Amino acid sequence: MKKKLSKDAYGGVHGKDYVPYINDKSNKGTNLAVLIIGIILAALFAASTAYSGMKSGLTVAAGIPGAIIGSMLIGVFAKSKGILGKNIIQGMSSGGESIASGMIFVLPAIILIGSQITFVEGVAVGIGGCLFGIGCSSLVYNYLIVEEHGKLMYPESMAISETLVASEGGGDAIKFMGIGFVISGIINILTGSFMNVVNNTMTFVGSKFYKWKFSMEVNPLLLGIGFIVGLEVALTMFAGSILSSFGIAPLIGYFTDMAANNMNVWNDASMAISQMDVNAISGSYVKYIGAGMMLCGGIIGAIKLIPTIIVSIKETLNARANKDGNGESSTGEIIILLAGVVIAFITAFMISGSVAMAIVGAIASLILSLLFVIVAGRLTGTIGTSNLPVSGMTIASLVILTLVFVVMGWTSNADNKSLLLFACFMVVAIAVAGGYTQSQKVTYIIGGSKKEMQNAFTISSIVGVVVVTGTILLLSSQLAVTGADAQFALPQANLMSTLTSGIMSGNLPWVMIIAGVVMALFLFLLNLPIMTIAIGFYLPISTTSIILVGALIRVLVEKMCKSNAEKEVRVSNGISLSSGLVAGGSILGLVGIILQVTGIITPKVPTGFAAGNMMAIVILVLLVIATTLPILKSKVKQNEN
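Worth saying up front: this structure is predicted, and the values here are computed from it rather than measured.

Asks: Go over the overall build of the protein chain with me, naming the residues and quoting the values.
Replies: Regarding its fold elements, the protein chain presents 23 helices and four strands. In terms of overall size, the protein chain behaves like a compact globule, its C-alpha atoms giving a radius of gyration of 24 Å where 641 residues would be expected to give roughly 26 Å. Along the three orthogonal principal directions, the C-alpha set of the protein chain runs to about 75 × 60 × 50 Å. Split into buried and exposed, the 641 residues of the protein chain put 59% on the buried side. Partitioning the contacts of the protein chain with sequence separation of at least 6, the portion at a separation of at least 24 is 83%. Looking at charge distribution, the protein chain has the averaged site of its 35 positive side-chain charges lying 5 Å from that of its 27 negative ones.

Here's what the structure looks like:
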């Protein structure tokens, strides 16, 4: 039994030639115990993600926590299923969490516009969205997972794979994972994710002549992702943040200073334009440029994949009696996809006020979902699901769908509710596509059954839809409260409700959206990666800067190696350690948020030195040293392959 993944798992061979960790196709990962454990964890992650996400706007990917928890439970209840059973459980955990990460962006927006939602409506659009997302992702499985092996890194998939393998073999992999987990755990407990006794975000703001802002969240999870994705992706994302924070925001700030005192921000009548600081400028204007970039980038990316989509559809339709690359039938993929389409149309008639709205809304939602599901699958291969810009892609698709509604004359509040239900279908499809593609990449690397993962993920997604819808309805009275007394921040849902209401009423900064589209076209003409730059533009620089630090640590490690063998060992151990950072950050970050929002623990307010930038800088230095030294001390063993 191997004790770690082969170097081919990260590329160097064509996907069809890759030999997985488990190469015995007769082994299966599911039985009744595995499915029960998976369903329980799917429900747990769905409920906790929905609650914490609506409270703070933050969601935590469940793949790695699911892998670690699953490893412990498999050892107790289904030991014979081993690593393949653990893989099924991590996938089902991701299924429940992916649903929550999508639905909380849109479904509560219906409550915010003053409408009501029923359990049947929420479950119907959610199930339709998850089935369509899984079905569409399956169409491009061979392209994303097999053909692009080594080109699309799937950083979190590899971290999950390393976690699963480490749970089997021990040795250096589990040792370095343990180091990363402890480092990440200590920092998470001390900072805002848990006790909040020290500040871990350094912020520098220019507020007079040149309105700029630089910040860095010293987050071990993000640093670990940076090490895994490498310098090219991290630097490209950071370039987008530089453009946003040091180019566009200061430029807008220059003109806001000239505004008359009686002129107010377009979406906040209480704020004078001349009084806007850099945060207000970013939230009210720069974000919409980013949305325009994603809108254009998403459409261009999807158009470029049309030949692949057509080929994939033809292959899938012709493969009903054949086998795919894993020796498994493709019939299930077609059934799941068609079920999603059928449910979409049935639900459209159920939620709409007219036959015309049902047909137009369903067709538009299916086309937009198809485009962004494929984009989401590819982006997951670049940056993982934790940083997948689901909200950005939802904004882009929602803008288009809203324009369709306006052209058709459907602009009442009841029409807005129907629009948001269509949007819920789309956001679930997009979010699920990321989680599903990530889980299938793990299955491909480990050597599990593609069909088993497909079926298990589908079950967990449906469970997630039911749990999240129930959670939102249970909290509906609290979700309806807005203003200073609001118990739930609902940042994404507030944005969606503002967006649709603004377009329907004509009150939206279209210049910002169009400017973003033009910037994306500029990047396209220069053959630059639009979506990666747009992600950096859209995300706060505090996120992309720490990801860049992780990538720079990897560059340092590689530069200090004296031979290829030494580089291979150190990078491998670095990825294991980074996987531990991601695991510790995911698990304790999730636990911390749940304990905070449920009132079990009350976070402190840092004071004095512990509250300043120097405290964050100290934590950053300690984090860099603590992660770099163990990797640099790695030695090449004589029997190392």
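Asks: Quick one: what's the story with helix 12 (residues 331-351), residue by residue and with numbers?
Replies: The first and last C-alpha atoms of helix 12 sit 30 Å apart over 21 residues, in line with the 30 Å expected at 1.5 Å per residue. Those residues of helix 12 that sit buried are Glu333, Ile334, Ile336, Leu337, Gly340, Ala344, Thr347, Ala348 and Ile351.

Asks: So what's going on with a nonpolar patch on the surface? Which residues, and what values?
Replies: The grouping of Phe349, Val355, Ile359, Ile363 and Ile367 at the surface amounts to a nonpolar patch, some 430 Å² of accessible area in total. Tallying contributions element by element places helix 13 (residues 355-383) first for the nonpolar patch, with four residues.

Asks: Lay out the packing of aromatic side chains in plain terms, naming residues and giving numbers.
Replies: For the coordinates displayed, the defined rule picks out seven aromatic pairs. Ring geometry for Tyr254 and Phe255: centres 5.2 Å apart, planes at 75 degrees, overall edge-to-face. Ring centres of Phe405 and Phe422 lie 6.2 Å apart, and the angle between their planes is 70 degrees; on these two criteria the pair is classed as edge-to-face. With Phe405 in helix 14 (residues 390-408) and Phe422 in helix 15 (residues 413-446), the pair connects residues that are 17 residues apart, well separated along the chain. Both residues of the pair, Phe405 and Phe422, belong to the buried class. In textbook terms, an aromatic cluster arises when at least three aromatic residues are bridged by ring pairs, as seen for Phe405, Trp410 and Phe422.

Asks: Please give an account of the pairing of strand 2 (residues 212-217) that cites residues and values.
Replies: Examined bridge by bridge, strand 1 (residues 201-206) and strand 2 share six bridges and lie antiparallel to one another. Across the sheet, the residue bridging to Thr201 is Glu217, located in strand 2. Once strand 1 ends, the chain turns through five residues before running back antiparallel as strand 2.

Asks: I'd like a rundown of the environment of Lys28, residues and numbers included.
Replies: By the element assignment, Lys28 lies in the segment before helix 1 (32-56). With relative accessibility at 40%, the residue Lys28 sits in the partly exposed group. Taking the C-alpha atoms as reference, Lys28 lies 7.2 Å from Lys81; in sequence the two are 53 residues apart. Excluding residues that lie within four positions of it along the chain, Lys28 makes contacts with Lys81, Leu84, Ser449 and Glu452.

Asks: How would you explain the side chain of Ser71 if you had to name every residue and give the values?
Replies: Its location among the elements puts Ser71 in helix 2 (residues 63-77). What Ser71 contacts, discounting residues up to four positions off in sequence, is Lys86, Leu164 and Ser167.

Asks: Tell me about the pattern of salt bridges, and please be specific about residues and values.
Replies: For the structure on display, the rule yields seven salt bridges. Linking Glu148 and Arg378 is a salt bridge whose minimum nitrogen-to-oxygen distance equals 3.5 Å. Of the two residues, Glu148 sits in the loop between helix 5 (141-147) and helix 6 (155-169) while Arg378 sits in helix 13, which places them 230 residues apart along the sequence. With its nearest N and O atoms 3.3 Å apart, the salt bridge here joins Glu558 to Arg554. Residue Glu558 and its partner Arg554 are located together in helix 21 (residues 541-559), separated by four residues, close to a single helical turn.

Asks: Run through the state of the cysteines, naming residues and quoting values.
Replies: Scanning all chains against the criterion turns up zero disulfides. Sulfur of Cys130: no disulfide; nearest cysteine sulfur belongs to Cys424 and is 11 Å away. Classification of Cys130 by relative accessible area gives buried; the value is 0%.

Asks: Describe the side chain of Thr382, and please don't skip the residues or the numbers.
Replies: Counting through the fold element by element, Thr382 comes out in helix 13. Overall, the relative accessible area of 17% leaves Thr382 in the buried class. Excluding anything up to four places from it in sequence, Thr382 contacts Leu152, Pro155, Val229, Val233 and Thr532.

Asks: I'd like to hear about helix 3 (residues 82-112), residue by residue, with values.
Replies: Its 31 residues place the ends of helix 3 46 Å apart at the C-alpha level, agreeing with the 45 Å of an ideal helix rising 1.5 Å per residue. The axis of helix 3 is deflected most strongly, by about 45 degrees, at Met103. The buried fraction of helix 3 amounts to 30 of the 31 residues, a majority that puts the element mostly inside the structure. Gly114 lies just past helix 3 and shows a positive phi near 90 degrees.

Parameters and conventions
Residues numbered from 1 in each chain as written. Predicted model: local features only at pLDDT ≥ 70, side-chain atom pairs only at ≥ 80, totals over all residues. Heavy atoms only, no water. Helix = DSSP H or I, 4+ residues; strand = E, 2+ residues; numbered from the N terminus. Rg over C-alpha atoms; globule rule 2.2 N^0.38 Å. Buried < 20%, exposed > 50% of the residue type's maximum accessible area, 1.4 Å probe, protein only. Contact = heavy atoms within 4.5 Å. Lys, Arg positive; Asp, Glu negative; His and termini not counted. Charge placed at Lys NZ, Arg CZ, Asp CG, Glu CD. Expected span 1.5 Å × (residues − 1). Patch = residues over 30% accessible without salt bridge, like charges linked within 9 Å, V, L, I, M, F, W, Y side chains within 5 Å. Areas by Shrake-Rupley, 256 points an atom, 1.4 Å probe, with all protein chains shown as cover. Salt bridge = Lys/Arg side-chain N within 4 Å of Asp/Glu carboxyl O. Phe/Tyr/Trp six-rings, centres within 6.5 Å; stacked < 30°, edge-to-face > 60°. Pairing = 2+ DSSP bridges. Disulfide = S-S within 2.5 Å. Bend = angle between axes of the 7 residues up to and from the residue.

In short, shape yes, function no, at least from these values alone.
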